[in-house]
Structure formats: C-alpha cells, structure tokens
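Descriptive analysis of the structure
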Amino acid sequence: MAIITEHEEDQIDPQSKPKPKPKPESKSEPAKPKSQHQPSSTPQKNQASNPFTFWFYFTITVSLITLLFVSLSSLSPQDPKSWFLSLPTTLRSHYSSGRVIKVQISPNEPAVEVFTYSKGSKSSENVLIVHGLGCSSFTFRKVVDDLASKGVFAVAVDLPGSGFSDKTVVKERDRVGAGVLGRFWEVYDEIKEKGIFWGFDHLVEHGYVPFDEVGKNRVSTRRVYEPLELGSQELGRVLGQVVDTMGLAPVHLVLHDSALVMWANWVVENAGSLRSLTLIDTLPGGTALPLWAFEAPMIREVLLGVDYAFKKLIGSCCSRTIVGSSVEAHRILLKGRDGRQAIVGMGKKLNQSFDLSEWASTDGLKDVPIQVMWSSNWSEQWSEEGKRVAEVVSRAKLVKHSGGRWPQDDTSSEVAEIIASFVSSLPKTERKADEKPLPEHIQKMFDEAKSGDNHHHHGHGSHGHHHGHEHSHGHGAHAGYMDAYGLGQGHGWGM
C-alpha cells in the first residue's frame, strides 16, 4: 500500500508540477513562430494590394486628364449653329427677318459678317441707326418697324462684336515654344485629332507609346479665336461698306450712346454722304452700360449667368421700363460667342479725349442738319448733360423723349416719331441712278449686234442685254448676304 501510495503521489506531483512550467514555455515559444511567420505574411498582403492601387491611381489620372481636356475644349467658341438653335424665339425671329453683309476690315484678313435689320420700301429717305456698346439691332427693332410704317426705309446694324455680327476672328499664332507648355499643346492637338485613348490603343497594338512622334509632322502654328476689338478706323470702314452695299447714301444717320465717339471721324470724312445726323443720349467718352463690370472676373460671371442680376444692372444704368424678355435677349447676345470680350475690348479703344466742341465746329459738318434727342426723366444730372451737348453743338435742335438712356424698347413709337418728323422737315432727297458703264468687250458685242442686218440676231442681243441686267441686279442684290448659321438661304433682298 505504501508503494501504491507513493506511486500515486508520484503521478500527482508530475501533473501538478508541470503546470507552472508550461507558462514560461508558452511565453517564449509562441513568440518565435510569430516573428518567423509575420515577415512572410506581409509581402503577401502587399502583393495582393498592388494591382488595386495601380488601377485606382490609373483611373484617377485618366479621369483628371479627361476633365482637363474637356475644360480646354469648352474654352473654344460654341458652334454657331448650336448657339443659334438654343436662342429664344424672339431672337431667332429677329435674325430670320434680317440680312448679313460681308465687309472687309483689312486687306490681309478674312471678311467679317455684319448683320442688318431693315424695314420699309426703298424710298427717297433712308435712315441708318447705329447702336452703342452693349446694344444691338435687336434694341432698335421696334423703332425700325415704326419708321417703316411712316414711309421711311430704316436700317439697324449690328456692330462687329455685337448682336448677330461676327464677334471673333480666326488667326494663326505661333506655338509658345519647345518647353513644357509647347509640348503640352502638341499632345493636346494630337488627342483632339486621334482621341484620348490613341496612346493606349497604340500600346496594345505595337507594345509602346509613340511619344517621339507627337507633333513631329505638325507646323509650329495653331489657329486661335480672338475677339474682334476694332478701333474707330476699322469701324469706319465697316460703316462705309454697309452704306455702299445697301445704297443708302445720302443717308440720315442716327448715332446712339457711344456710337458718336466710335464714328466721329467717319462722319467728318464722309459728311457729303450724310443727309442729317441725330444723336440719341450720346455722352462723349462714356457708355450707359458699365463695361468695367463685364471685365471683373467674379462680377461678369454673376451678371451674365444670373437673370436677376443682369436685369438690375440694366434697370439702374440703361432703362427702368425694359421688359424681361428683352433683358434676357440682351444678356444672351452679350454672353454668346465672346460678345463680352468684344465690347470690353472696343470700350478700351474709345477715344477718351474726344472733344465734342472741336468736332462740331469742323467745316465738314457745317451743312449737315443735326438734332440731339435726350432723355428727360432719367435724372436731373443727365438732363443737364443734354443741355450742355446741345449748347456745344450750336446748330443742333434739342428734343426730349420720355425713355431712359436705352429708350428704344419702351418708347419706340416716340423715338420713331421724333426721327421721322426731323427727316420730313428737311428738303426731300433727290437721288440719281448710278449707272456704271458696261465693260468694253460687252459694249463691243452690243455694237456688233446693232450693226447686223439680221433682225432676229438684234432681238436676241437685246434680250441678252435685258437678261444680263436682270441677273446682274438680282445677284448684286443678294451679293454679300448669306446664312451665317448654315440654316439655308432666304436672306435675299427681295425688294
């Protein structure tokens, strides 16, 4: 029993004694395998996450590049046809009722399209209305209609950079250089031509991206659209060609707002082509529309992007009674196709040192009847400015109207009545038909036809002369008038 008892004690002791021993072994032994297995598990996790990280950054990079090129593409002018189709019905109707004339500003530059809106039968009295900066022929559409109802042929023209006339010109410019920016533009042009994934497609097909071939065969120039910023000399050429093309001389010229400063030199140089001159709220060296507001970066976006802000500006500076649809039309015409940049650029070229008294006293204007039409209820200060202008132009007749500084929309009938009364008070204009001699070879053909004995041959010659005259007249009437938005013909004279 003693032996058995000792054996049981021996069995109990080893079971109780090893209990404290495994504890230190468990502390030391598990630490070693952890340290051995941990470095082997870390590279497995990195290897598993590398493809995901690569494709994540690749997708982000491609998205940013795509957004960048889309933003750069948005800087280019909007497609004219798309812009036209997005216009409200009033503006599209106005354009469909007008005509486009091509004028040459400079011999070495492409022709510029100028929009005109005319009404009335071609009579002895022609009135040409020229708007100030910020306006357009749309502003005077009701004045033109009212003048036509009074038996006057009236024309309102859009200045280059305004309304439906051209607002930009395409020019060839040299590349910035062979640096990073120049290389960027080469890649940008390549993507515009071949697509944004052309490099990836080439990589799949050939195994490499042709970086060295980018821009290799390209000329170091690029076509850019620049706003039309014309000075008084270029604008004078435009007005002269409009008068000649439409056969308006001698014409009753109406200048509104800043148009006096822009065409003052042309008026003096072409006084013989003027029948009378009417000045509507023309303050030398200033404009009713504050052009500085359309140059400031943040303010211009708010004015052209928010209807309410633009309406408040027009109401405080130009016209208090202008209707909402007309305000929206003015905003759209200023915003579309770089119209804002064009009028701001032209405003900077205005002659700020223009002397009204010196201009009015020139010899060329002594025989030109002048009247000054001025707003009577805009402000007392503005009424005093009208009196001062009439005093400086001593021969001018001062007539007041009840509209604002842009009086054409709310008081169109009143403005048309004042212009028509002034025109009718002058002696009636007598025009002589301007018959140009036939070319020498054509005249020779007619002479031979007349000298022939064959009556049928003579009759055919007469018929050919008549047909040629009609065709030439019809072509001349339509020459220079085209559809600027690719929407089909239908802008012929038809008068």
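Just so you know, these numbers come straight off a predicted model, no measurement behind them. (Residues numbered from 1 in each chain as written. Predicted model: local features only at pLDDT ≥ 70, side-chain atom pairs only at ≥ 80, totals over all residues. Heavy atoms only, no water.)

**Description of the pairing of strand β4 (residues 153-157)**
Burial analysis of β4 places five of its five residues in the buried class, which makes it a mostly covered element. Neither face of β4 is left uncovered, since the one carrying F153, V155 and V157 and the one carrying A154 and A156 both have all their residues buried. Strand direction decides the pairing type here: strand β2 (residues 112-119) and β4, joined by four bridges, are antiparallel. The residue bridging Y117 from the neighbouring strand is A156, located in β4. Inspection of the sheet shows strand β3 (residues 126-130) paired to β4 by five bridges, in the parallel sense. Its bridge partner lying in β4, N126 is registered against F153. (Buried < 20%, exposed > 50% of the residue type's maximum accessible area, 1.4 Å probe, protein only. Helix = DSSP H or I, 4+ residues; strand = E, 2+ residues; numbered from the N terminus. Pairing = 2+ DSSP bridges.)

**Here's the deal with the environment of A309**
Mapped onto the fold, A309 is located in helix α12 (residues 307-317). According to the relative accessible area criterion, A309 is buried, its value standing at 19%. Placed ten residues apart in sequence, A309 and I299 show a C-alpha to C-alpha distance of 9.7 Å. A309 has contacts with V302 and L303, leaving out every residue within four places of it along the chain. (Contact = heavy atoms within 4.5 Å.)

**Quick look at the packing of helix α6 (residues 141-149) against helix α17 (residues 412-424)**
In contact at an axis separation of 8 Å, α6 and α17 are set at 50° when each is read in the N-to-C sense. Accordingly, the angle class assigned to the pair α6 and α17 is oblique. In the crossing of α6 with α17, the sense of the turn from one axis to the other is right-handed. Residues K142, V143, D146 and L147 of α6 form the contact with α17, whose participating residues are S412, S413, V415, A416, I419 and A420. The residue makeup of the contact of α6 with α17, split by class, is six nonpolar, two polar and two charged. (Axes fitted to C-alpha atoms, helices over the stretch in contact; angles between N-to-C directions. Parallel < 35°, antiparallel > 145°, perpendicular 65-115°, else oblique. Left-handed = near helix turned anticlockwise from the far one by under 90°. Nonpolar A, V, L, I, M, F, W, Y, C, P; charged D, E, K, R; others polar.)

**Section: helix α14 (residues 339-348)**
Residues spaced three or four apart along an α-helix face the same direction, because each turn holds 3.6 residues. Counting buried residues along α14, eight of its ten residues qualify, which places the element largely inside the surrounding structure. Of the residues making up α14, those classed as buried are G339, R340, A342, I343, V344, G345, M346 and G347.

**Description of a nonpolar patch on the surface**
Taken together, the side chains of F56, Y57, I60 and L64 present a nonpolar region at the surface, about 430 Å² in accessible area. Among the residues examined, F56 registers a relative accessible area of 43% and is labelled partly exposed. (Patch = residues over 30% accessible without salt bridge, like charges linked within 9 Å, V, L, I, M, F, W, Y side chains within 5 Å. Areas by Shrake-Rupley, 256 points an atom, 1.4 Å probe, with all protein chains shown as cover. Salt bridge = Lys/Arg side-chain N within 4 Å of Asp/Glu carboxyl O.)

**Observations concerning the pattern of salt bridges**
Oppositely charged side chains can form a pair if their charged atoms are brought close together. Tallying each qualifying case throughout the model produces nine salt bridges. Residue E295 is joined to K348 by a salt bridge in which the shortest nitrogen-to-oxygen separation is 2.7 Å. Placement of E295 in the loop between β8 (274-280) and α11 (297-305) and of K348 in helix α14 is noted, with a sequence separation of 53 residues between them. For the salt bridge of D363 with K366, the shortest nitrogen-to-oxygen distance reads 3.1 Å. The network of salt bridges with shared partners includes D307, E328 and R331.

**Structural notes on the pairing of β2**
The element β2 is largely enclosed, with a buried count of seven among its eight residues. Relative to β2, strand β1 (residues 99-103) is paired through five bridges, and the arrangement is antiparallel. Within the sheet, the bridge partner assigned to V103 lies in β2 and is V112.

**Some words on the side chain of R141**
Structurally, R141 is set in helix α6. By relative accessible area, which is 15% here, R141 ends up buried. Excluding anything up to four places from it in sequence, R141 contacts H94, Y117, S326 and D409.

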